[in-house]
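The residues making up each chain are set out below.
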Amino acid sequence: MWLCNSSIGRKVIMSVTGVALILFLTFHACMNVVALFSEEGYNTVCELLGANWYAVAATLVLAALVAIHFIYAIILTLQNRKARGSNRYAVTDRPEKVEWASQNMFVLGVIVVVGLLLHLYNFWYNMMFAELIGDPYMGPCYAGDGYGYIVETFSNPILTVLYVVWFVAIWFHLTHGFWSALQTLGWNGKVWFQRWKTIGTWYVTILMALFLVVALKFAFCGGAC
Amino acid sequence: MAKNISFTIKYWKQNGPKDAGHFEQREMKDIPDDTSFLEMLDILNEELIEEGKEPFVFDHDCREGICGMCSLYINGTPHGKTETGATTCQLYMRRFNDGDVITVEPWRSAAFPVIKDCMVDRSAFDKIQQAGGYITVRTGAPQDANAILIPKQNADEAMDCATCIGCGACVAACKNGSAMLFVSSKVSQFALLPQGRPEAAKRAKAMVAKMDELGFGNCTNTRACEAVCPKNESIANIARLNREFIKAKLND
């Protein structure tokens, strides 16, 4: 199968799963924004995305996307290190054009995954998982009370700092990942290169700003304002 | 006015692909700054030979930037830093300052094993080219140049792609040891012209398969290749190769 056997095929897998995950993040950010305006509205969304069959199915698809993206990242990184050879350069000079994020995608990805595990533990474990095992009062709040969990999580300053670091890592990862995915899929050229870079930077900056605003709002004034 | 500079040169010595290799160091005195980098290495070798030592081995041929033979990694940049797109043979000592330490290394990539010192085996590029970097034509009398009309823009772009001299700086600069800029330029120079279209799908598949087989890495779009390419090849070529390859595979 060319998707697994060729270098471009493996990159196509990274691109498609990456783009799908960006779309998921977009949905997630939109959902979070509801919490800024209405506790009741946000908890309605959480109830809809509880242990219903469609939400569970979507969660499994998401888990598969993350797993495939991460496993292929490991495979590609190992192959690339082998291709580089065992002798390293004594002196290296990063050209101006080369962005830092582009050369550190794997490290950033590992930070993103560690943050993801923390996030799943803070929210998903107490919410969807608690409902699935039939114990909706397992965590500090009721499983459907997503608003309560946001207040709970961001009342802890250490968790808030960790979430901000996580958002920054995702931002760096996506500033390269966005246009790089389109380049790999062949949808790029001399004219579209700058356009995609600009669109991508704006898109992921707005996206991550939405996550950040929600986190900071609850960190600084909890559910009060 | 030309002035003379003195500097330290650290150059890589390695007896073969299996040898560990090491740096050797030498003070170079009063080198005129209008000396080319390769001429400076010739001076170094004359000094070494006069002292009865083994000369430093490096690749070079035309010394006018068109053959793609010279290949030195100078102070962390393939072909040295020139900002204008130039090969090592077009690099002049006026780019350096009095008292500098100049580090010279070979292209370091698993697909380019060291033959000796800074001379590396780049025959992997020839093998990729042989896998599909040509058009199958009947020999015979040359056809009229205007028999097939080609838009000027396409002709220019194909020519830009064809200026790739296959020096391997893209592979040397890439943290993944990927050859995508070379392969994409060679695929593009045909893909952009009507004569190259009939075999475009076959060519993209064959050249990428050969590239993977020879142990080059996977492209992660860091753009280090286009930043150091002496012929200013663009990563737009890589997008075109991806397009050609994906299209070819989906049509199978």
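Cut-offs and rules
Residues numbered from 1 in each chain as written. Chains lettered and ligands numbered in written order. Predicted model: local features only at pLDDT ≥ 70, side-chain atom pairs only at ≥ 80, totals over all residues. Heavy atoms only, no water. Helix = DSSP H or I, 4+ residues; strand = E, 2+ residues; numbered from the N terminus. Buried < 20%, exposed > 50% of the residue type's maximum accessible area, 1.4 Å probe, protein only. Areas by Shrake-Rupley, 256 points an atom, 1.4 Å probe, with all protein chains shown as cover. Lys, Arg positive; Asp, Glu negative; His and termini not counted. Charge placed at Lys NZ, Arg CZ, Asp CG, Glu CD. Axes fitted to C-alpha atoms, helices over the stretch in contact; angles between N-to-C directions. Parallel < 35°, antiparallel > 145°, perpendicular 65-115°, else oblique. Left-handed = near helix turned anticlockwise from the far one by under 90°. Contact = heavy atoms within 4.5 Å. Domains from an automatic or database assignment. Buried area = accessible area lost by both parts, 1.4 Å probe. Salt bridge = Lys/Arg side-chain N within 4 Å of Asp/Glu carboxyl O. Nonpolar A, V, L, I, M, F, W, Y, C, P; charged D, E, K, R; others polar. Core = buried A, V, L, I, M, F, W, Y, C linked by side-chain atoms within 4.5 Å. 1 Å grid on protein atoms, 1.4 Å probe; cavity = no way out; pocket = protein on both sides within 12 Å on 5 of 7 lines; lining within 4 Å. Points joined across faces, edges and corners; volume = space filled by probe spheres on them.

### Thoughts on the overall build of chain A
At step 1: When helices and strands are counted, chain A shows 9 helices and 0 strands.
At step 2: The helix and strand sequence of chain A, counted from the amino end, reads α-α-α-α-α-α-α-α-α.
At step 3: Principal-axis analysis of the C-alpha atoms gives chain A an extent of 55 × 40 × 35 Å.
At step 4: Counting all 225 residues of chain A, 43% fall into the buried class.
At step 5: Accessible surface, chain A as shown: approximately 11700 Å² in total, 73% of it carbon and sulfur.
At step 6: Put simply, chain A has 12 plus and 10 minus side-chain charges, and the middle of one group is 28 Å from the middle of the other.

### Side note on the packing of helix α2 (residues 123-132) of chain B against helix α6 (residues 200-213) of chain B
Residues and elements named next belong to chain B.
At step 1: Viewed as axis vectors pointing N to C, α2 and α6 meet at an angle of 155 degrees, and their least axial separation amounts to 8 Å. Judged on the interaxial angle alone, α6 and α2 are roughly antiparallel. The two elements α2 and α6 meet at a crossing, and its hand is right-handed. Residues Lys 127, Ile 128, Gln 129, Ala 131 and Gly 132 of α2 lie in contact with α6, whose contacting residues are Arg 203, Ala 206, Met 207, Lys 210 and Met 211.

### Section: the domain arrangement of chain B
All names here are of chain B.
At step 1: Split by domain assignment, chain B resolves into domain 1 (4-105) and domain 2 (122-251).
At step 2: Distance between the C-alpha centres of domain 1 and domain 2: 30 Å.
At step 3: Interface of domain 1 and domain 2: buried area, both sides summed, is about 850 Å²; carbon and sulfur atoms make up 55% of it.
At step 4: It is Gly 68, Pro 78 and His 79 that lose the most area in domain 1 upon contact with domain 2, and together they represent 41% of the buried surface on that side.
At step 5: At the junction of domain 1 with domain 2, the criterion picks out 1 salt bridge.
At step 6: Across the salt bridge formed by Asp 59 and Arg 122, the nearest N and O atoms sit 3.2 Å from each other.
At step 7: The residue inventory of the side of domain 1 that touches domain 2, partitioned by class, reads 7 nonpolar, 8 polar and 1 charged.

### Brief notes about the pattern of salt bridges
At step 1: Here the structure, examined in full by the defined rule, presents 19 salt bridges over all chains.
At step 2: A salt bridge links Lys 81 of chain B to Asp 93 of chain A, with the shortest nitrogen-to-oxygen separation between them at 2.7 Å. Residue Lys 81 of chain B is located in the loop between β4 (77-78) and β5 (101-105), and its partner Asp 93 of chain A is located in the loop between α4 (53-84) and α5 (100-103); the two belong to separate chains.
At step 3: Looking at Lys 81 of chain B, the relative accessible area reads 47%, which means it is partly exposed.

### Re the nonpolar core
At step 1: One finds Phe 125, Val 183 and Phe 216 of chain B to be the most contacted residues of the largest nonpolar core, which totals 74 residues.
At step 2: Per element, the largest residue contribution to this core is 9 residues, and it comes from helix α9 (residues 190-221) of chain A.
At step 3: Sequence-distant contacts of Phe 216 of chain B, defined by excluding residues within four places in its chain, comprise Ala 83 of chain A together with Ala 111, Phe 112, Ala 124, Phe 125, Ile 128, Val 171, Gly 177, Ala 179 and Met 211 of chain B.
At step 4: Counting residues in hydrophobic clusters, the runner-up holds 25 residues, among them Tyr 11, Leu 41, Cys 70 and Ile 74 of chain B.

### Details of the layout of surface pockets
At step 1: The volume enclosed by the second largest pocket comes to roughly 480 Å³.
At step 2: In terms of lining, the second largest pocket is formed by 22 residues, of which the most central are Pro 95 of chain A together with Lys 81, Glu 83, Ala 227 and Val 228 of chain B.
At step 3: Of all elements in the fold, only β4 and α7 (224-228) of chain B reach the threshold of two or more residues within the lining of the second largest pocket.
At step 4: Residue contributions to the lining of the second largest pocket peak at 3 residues, all from α7 of chain B.
At step 5: Considering only residue class, the lining of the second largest pocket consists of 7 nonpolar, 8 polar and 7 charged.
At step 6: Counting only domains with at least three residues in the lining of the second largest pocket, you end up with domain 1 (4-105) and domain 2 (122-251) of chain B.

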